[in-house]
Amino acid sequence: MGDKIMTERKIMMIQYVTGILSVFLVSVHLLYQGVIVPYEKAISFSQVLSLYRHIFYGSMLEILLVVILVHGFNGLRIILLELNQSQDWSKAVDIITVIATVVTIAYGTRTVILAVFGGVS
Amino acid sequence: MSYVKLVVQRYDPERDEKPRFQEYIVPYRKGMTVLDAILYARDYLDHSIGVRFSCRMASCGSCGMKINGKPALACYTQVSELGTERIVVQPMDNFPVIKDLATDFEEFFEKHKELMPYLVREDRAEQENPKSEYLMKPEELERILQFTYCIKCGLCYSVCPTVGTDKLFPGPQAIAQAYRYVEDVRDEGGETRLNILDNPHGIWRCHFAGSCSAVCPKGVDPALGIQLLRRYVMRGKAPRKKGEGSKPFTK
Ligand code: SF4
């Protein structure tokens, strides 16, 4: 179906998958940081840093970052698309949301990298 | 109740700057419908009231309007069921007003037409000169039956929040009818319809408010049709390809 690389069908498939993944990953995160580790300790700087440096938890945080940003910015794109139906607007919305997603993922990833490889202590 | 106070929203886009309300006192009789009240007002009190109607039995879908704020067919709404002597009638939302209560269905029918609301068969010659009926099992009919009851009254379209914001969205009626034909075992045009619907202003923009199904006077559930059709669009595959429709009956 369709000749475009990214048909709306594929975009929505990503939207649903990231939605389900977000619920799962956020639940795991909240369960750990707040129930398993008491809340006061969970928000201490050293605890947060240790999570970033833990191979599984750090990877999960990075995946969570990507999943939530993709889901959130695509959601914003959908809302914006409904505001105006011109081709130019649709194109602008697509480009801006893709750039915003990439930039925020890069910025978040930078934080993870700094926490893992030093620069933050 | 011996009379009803009928409040009609009056608006002629060619003359008026904005809509206004006008009141008419209409004698009540048992069994009176809102359409009866409007027609009394038009026949005896004010000939200039603009209203569209035809069958007066909820079959033609012409007299859809907002009655006390809720979209309904005027011929299918008894005055007594409203529980008030004051009846406010307004044109449906999401449709341009032609005059007073009569709205313009051009865009609505265009969207309906775009999704090919008819059987599409690869063998056009055979379809145009059929020798017998196409086969269909009762359970296959059951899957689409409720959607065939649509009378194109536009009530679902008038309450759809997405239609209100996105003018390119086909609307619940058109999409539910697309489902009705995609699911029909005699049809072979599913793939084309799915392609039309898979776009940034297509089927995905339904937010499942469900108001379409709540107002349908014929018991159609357009929201269900949209969700079922989405399944096919998501898979990128219609239930049948060209040439796979049910065969004509042979002895
Ligand atoms: S689905 Fe129901 S409300 Fe919508 S146009 Fe058809 S009959 Fe009217």
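Residues numbered from 1 in each chain as written. Chains lettered and ligands numbered in written order. Predicted model: local features only at pLDDT ≥ 70, side-chain atom pairs only at ≥ 80, totals over all residues. Heavy atoms only, no water.

This part covers the interface of chain A and chain B. Of the residues lining the interface, 15 residues belong to chain A; the matching set on chain B comes to 20 residues. Both sides of the chain A and chain B interface together cover about 1500 Å² of buried area, and 58% of this is carbon and sulfur. A salt bridge links Arg205(B) to Glu8(A); its shortest N-O distance comes to 3.0 Å. Across the chain A-chain B interface, the total number found is seven residue pairs in polar contact (both at pLDDT 80 or more). Breaking the side of chain A that touches chain B down by element, the ones donating at least two residues are α1 (8–32) and α4 (55–83) of chain A. A total of five residues in the side of chain A that touches chain B trace back to one element, the largest contributor, which is α1(A). In the side of chain A that touches chain B, the residues fall into six nonpolar, five polar and four charged. (Contact = heavy atoms within 4.5 Å. Buried area = accessible area lost by both parts, 1.4 Å probe. Salt bridge = Lys/Arg side-chain N within 4 Å of Asp/Glu carboxyl O. Polar contact = N/O pair within 3.5 Å; in protein donor to acceptor, adjacent residues only side chain to side chain. Helix = DSSP H or I, 4+ residues; strand = E, 2+ residues; numbered from the N terminus. Nonpolar A, V, L, I, M, F, W, Y, C, P; charged D, E, K, R; others polar.)

Interface size is often expressed as the accessible area that is lost when the parts come together. Residue and element names in this part refer to chain B. Here chain B is partitioned into domain 1 (3–103) and domain 2 (106–235). For domain 1 and domain 2, the distance between their C-alpha centroids amounts to 29 Å. Taken together, the contact pairs 14 residues of domain 1 with 16 residues of domain 2. Between domain 1 and domain 2 lies a buried interface of about 1100 Å² when both sides are counted; carbon and sulfur atoms form 63% of it. Of all residues in domain 1, Pro71, Asn94 and Phe95 give up the largest surface area on contact with domain 2, accounting jointly for 49% of the area buried on that side. (Domains from an automatic or database assignment.)

Residue and element names in this part refer to chain B. Here four bridges tie strand β3 (residues 64–67) to strand β4 (residues 70–73), and the two strands are oriented antiparallel to one another. In the strand pairing of β4, Met65 is matched with Ala72. With antiparallel pairing between neighbouring strands as the criterion, β3 and β4 make up a hairpin whose turn holds two residues, including Asn68 at a positive phi of roughly 50 degrees. (Pairing = 2+ DSSP bridges.)

This next bit is on the side chain of Ser90(A). Mapped onto the secondary structure, Ser90(A) falls in helix α5 (residues 87–117). The contacts of Ser90(A), once residues within four sequence positions are left out, are Leu81(A) and His201(B).

Turning our eyes to something else, we now look at the packing of helix α3 (residues 45–53) of chain A against α4(A). Residues and elements named next belong to chain A. Interhelical geometry of α3 versus α4 gives an angle of 90 degrees and a closest axis separation of 5 Å. The angle between α3 and α4 falls in the class roughly perpendicular. Listed contacts from α4 to Leu51, Tyr52 and Arg53 of α3 are Ile55, Tyr57, Gly58 and Leu61. The residue inventory of the contact of α3 with α4, partitioned by class, reads five nonpolar, one polar and one charged. (Axes fitted to C-alpha atoms, helices over the stretch in contact; angles between N-to-C directions. Parallel < 35°, antiparallel > 145°, perpendicular 65-115°, else oblique.)

When you tally the buried positions in helix α8 (residues 172–182) of chain B, you get 11 out of 11 residues, the bulk of the element. Those residues of α8(B) not exposed but buried are Pro172(B), Gln173(B), Ala174(B), Ile175(B), Ala176(B), Gln177(B), Ala178(B), Tyr179(B), Arg180(B), Tyr181(B) and Val182(B). (Buried < 20%, exposed > 50% of the residue type's maximum accessible area, 1.4 Å probe, protein only.)

Let's shift gears to the sheet that holds strand β2 (residues 20–27) of chain B. Residues and elements named next belong to chain B. In spatial order, the strands read β2-β1-β5-β3-β4; together these five strands make up an open sheet with mixed pairing. Because the sheet does not close on itself, it has two edges, and the strands there are β2 and β4. The mean angle between the axes of side-by-side strands here comes to 35 degrees, regardless of whether they run parallel or antiparallel. Bridge analysis of strand β1 (residues 3–10) against strand β5 (residues 86–90) gives four bridges, and the strand direction is parallel. Bridge pairing in β5 places Val8 opposite Val89.

Residue and element names in this part refer to chain A. Relative to the helices and strands, Val66 resides in helix α4. Owing to a relative accessible area of 30%, Val66 belongs among the partly exposed residues under this scheme. C-alpha separation for the pair Val66 and Val28, spaced 38 residues apart in sequence, amounts to 16 Å.

To continue, consider the side chain of Gln9(B). Residues and elements named next belong to chain B. Note that Gln9 resides in strand β1. The buried category is assigned to Gln9, whose relative accessible area is 11%. A polar contact of 2.8 Å, which involves the side chain of Gln9, links it to the side chain of Gln90. In this view, Gln9 contacts Pro19, Arg20, Phe21, Val89, Gln90, Pro91, Asp100 and Leu101; residues no more than four positions away in its chain are not counted.

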